[in-house]
Amino acid sequence: MRRLLCVHVLLCCLSMAQPFCPSQCTCVFHGRTDGVGTRSVLCNDPDMSDIPVNVPVDTVKLRIEKTAVRRIPTEAFYYLVDLRYLWVTYNSVTSVDTGSFYNLKVLHELRLDGNMISIFPWESLKEMPRLRTLDLHNNRLTNVPTEAIPYLLNITYLDLSSNKFTTLPSDLMDIWPPFNGRPVSTNASQKVVLGLQDNPWFCDCKISKLIEMSKMADTPVVLMDLFLTCAGPDNLAGVLFQRAELDNCVKPSVMTSATKITSPLGSNVLLRCDATGFPTPTLYWAKSDGSPVNNTVQESPGDGIRWSIMSLHGILFKDAGTYSCKAKNVAGDAEATISLSVAGTISTTIPPPRPDTGTGPTSLGTTFIPPTDIPNSPSVMSTALPRTSTVSAVPRKPKTTPSNGLQKGSLKQTKSQQGGNGRKLAADEKSKKSEKSKSVEDLKIVEETADSAVLLWTADGLPNDAPLTVVYSPYGEDDTKRTVETNAGSGKVLLDGLSSGMRYSVCLIAKGNAAGKDPCIDFYTLDNVDDDGQNRFFMIISGIACALVLPLIVLLLYKILALYCKGHNTASDEEELEKESYVKFETITMKQRTLNTHPTELWARRPTHESERMLLCSRSSIDSQMTYKSDSSRSEYLC
């Protein structure tokens, strides 16, 4: 009996040791024949309002669906260290804390679709390093911040459809091919699936990369819906991405002043690049070895244009390398490279061996040898090359009198130093003469205008293909220097892009010249007289004058024509009046209708007396009652 009781207690303990399943959830253990299995938990009680906290710790898949849960609190799943699939779908979630997914190191899939989330804690994704699937569709999200892009690098399934997105950061497209610069792979397992449909996209330059991606036939990024449409601006509303043509959106293009530059050791170098694009791109410099790049300036003289200059002062061998000028805007990026080489050698001066020294290595480095016998002679300073060398002195044979030997040795050393110094001075004089014979002279400025000038020079002793560098800048502004590469044989160069009415300094640098020996000259540009403005002013005044004078001319011509026509009509009217009126009353009688030389002369006139005129006038009232008695004769009376 006691044994049965012990067995019963043991079974009860074992049953209690089994994982406890929440009352509003269903727990299913998927076992295998080898005794290893996985546990999934489904919680879909409509009355559930909080995330359950007593989920078995060995749960691999947790589904919370169609409940009244409105918030996912901090560390809601921290004890589920084996959780790989988390679905909190079609609930009423409006708030997700930053630490909601703490300690989910092996989570592979996170689905939060069908909720009312307006702000998602993107930084919480760093707690899930193995996350590959992120489903946020059918929420109220409006933007993806730029800070979230590093956390999306490993995501292969991203569903942002049916939200309120109008735009996406341009850098987001740069994490996927072909914008990340990696070769396009045909492996289906490396495809990235994006769900972006059912969003009110505003089609401008910010999403130009997304529009370009939608037009690609073969790309590792697969869109769930190829027929993405624009909701704005008005001229593109309802237009498919594949047919959208964006205005004022141009990828950058970069151009450098030179691709390869070789400059002597210790000289100053200016590297310049110009970029165009819209919106106006930004420029930054980088070196191939990753070392920092300083002393850069840039300026944008107008929309869509920007230039940048990087200055290197007193260049050393470590400054040699490849420099990249990179331009970037929301439409894309571009870069150009400049290869800089440093020419020249560093001489090393080795002091002669001491008399009491036999054989030994000579230290390398910076050595200073003062002159001994030559007054006012310059000191010699030299820097050693980065390599090791040894100099052996020939041992002297000892003599019977060491003091005399030492004196002779010192005298011999002094003579050798004097001879060496004399040879060095002769070499310096020779080099000075050669430098003087090979120089640039007669530097002058001609043809100055408001924005340009022509620099002329004469190269004595220099070959025609000897490289020259023209450096010019506004007077006293060394930070805005410009350079022009040319050769000695050209004899002139055009300096353009100048400002009117300003003083400029220009120097002509020849390769191998000593620092500070380059010829320089100052000049002024002409004041910019606004001829176009004056011409426009004159045109306006002329137009006003023409507008005032032209009506007067037309009126004058009208008056002249009117007077001319009036005079002609007056003469004709007088003639007609003379024909139709009579100064004296006459009696008109019919003549015989005969053919004569004047067929129009039908009536014959004769003079009448005063009595007949009165009679005619008195009978004029009954003239209208007269009848024709015959076709051949009739009488008419006119008063």
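A quick note: this is a predicted structure, and the numbers were derived from the prediction, not measured.

S.K.: Is there a simple way to think about the state of the cysteines in this case?
M.R.: Note on terminology: disulfide describes a covalent bond linking the sulfur atoms of two cysteines. Applying the stated rule across the entire model yields six disulfides. Two residues share a disulfide in this structure: Cys-21 and Cys-27, whose sulfurs sit 2.0 Å from each other. Between Cys-21 and Cys-27 the disulfide shows an S-S torsion of about 90 degrees. By sign, it is right-handed. Put simply, Cys-25 and Cys-43 are joined by a disulfide, and their sulfur atoms are 1.8 Å apart. Between Cys-25 and Cys-43 the sulfur-sulfur dihedral comes to about 105 degrees; the bridge is accordingly right-handed. With a gap of 18 residues between them, Cys-25 in strand 1 (residues 25-30) and Cys-43 in strand 2 (residues 38-43) connect regions that are remote in the sequence. For the residue pair Cys-25 and Cys-43, the accessibility class agrees, reading buried in each case.

S.K.: So what exactly am I meant to see when it comes to the side chain of Ser-100 here?
M.R.: Position of Ser-100 among the secondary structure elements: in the loop between strand 6 (95-96) and strand 7 (109-111). Residue Ser-100 is classed as buried on the basis of its relative accessible area of 0%. Only 3.2 Å separates the side chain of Ser-100 from the backbone oxygen of Pro-73, close enough to count as a polar contact. In this structure Ser-100 touches Ile-72, Pro-73, Thr-74, Glu-75, Ala-76 and Phe-77, once residues within four positions along its chain are discounted.

S.K.: Is there a simple way to think about the nonpolar core in this case?
M.R.: Nonpolar side chains in soluble globular proteins tend to be buried together. Core analysis: the largest hydrophobic core is formed by 63 residues, its most contacted members being Phe-77, Leu-86, Phe-101, Trp-122 and Leu-134. Listed by contribution, the elements that provide at least two residues to this core are strand 2, strand 3 (59-65), strand 5 (85-89), strand 10 (192-195), helix 2 (208-214) and strand 12 (221-223). Setting aside residues up to four positions removed in sequence, Phe-101 forms contacts with Phe-77, Leu-86, Val-96, Leu-110, Leu-112, Phe-120, Ser-124, Glu-127 and Met-128.

S.K.: How should the pairing of strand 20 (residues 321-329) be read in this particular structure?
M.R.: For a regular strand, side-chain orientation follows a simple rule: the groups alternate between the two sheet faces. With six bridges joining them, strand 17 (residues 282-287) and strand 20 adopt antiparallel strand pairing. Bridge pairing links Thr-282 to Lys-328 in strand 20. Pairing of strand 20 with strand 21 (residues 332-343) involves nine bridges; the strand directions are antiparallel. Bridged to Tyr-323 within strand 21 is Ile-338. What sits between the antiparallel neighbours strand 20 and strand 21 is a turn of two residues.

Conventions used here
- Residues numbered from 1 in each chain as written.
- Predicted model: local features only at pLDDT ≥ 70, side-chain atom pairs only at ≥ 80, totals over all residues.
- Heavy atoms only, no water.
- Disulfide = S-S within 2.5 Å.
- Helix = DSSP H or I, 4+ residues; strand = E, 2+ residues; numbered from the N terminus.
- Buried < 20%, exposed > 50% of the residue type's maximum accessible area, 1.4 Å probe, protein only.
- Polar contact = N/O pair within 3.5 Å; in protein donor to acceptor, adjacent residues only side chain to side chain.
- Contact = heavy atoms within 4.5 Å.
- Core = buried A, V, L, I, M, F, W, Y, C linked by side-chain atoms within 4.5 Å.
- Pairing = 2+ DSSP bridges.

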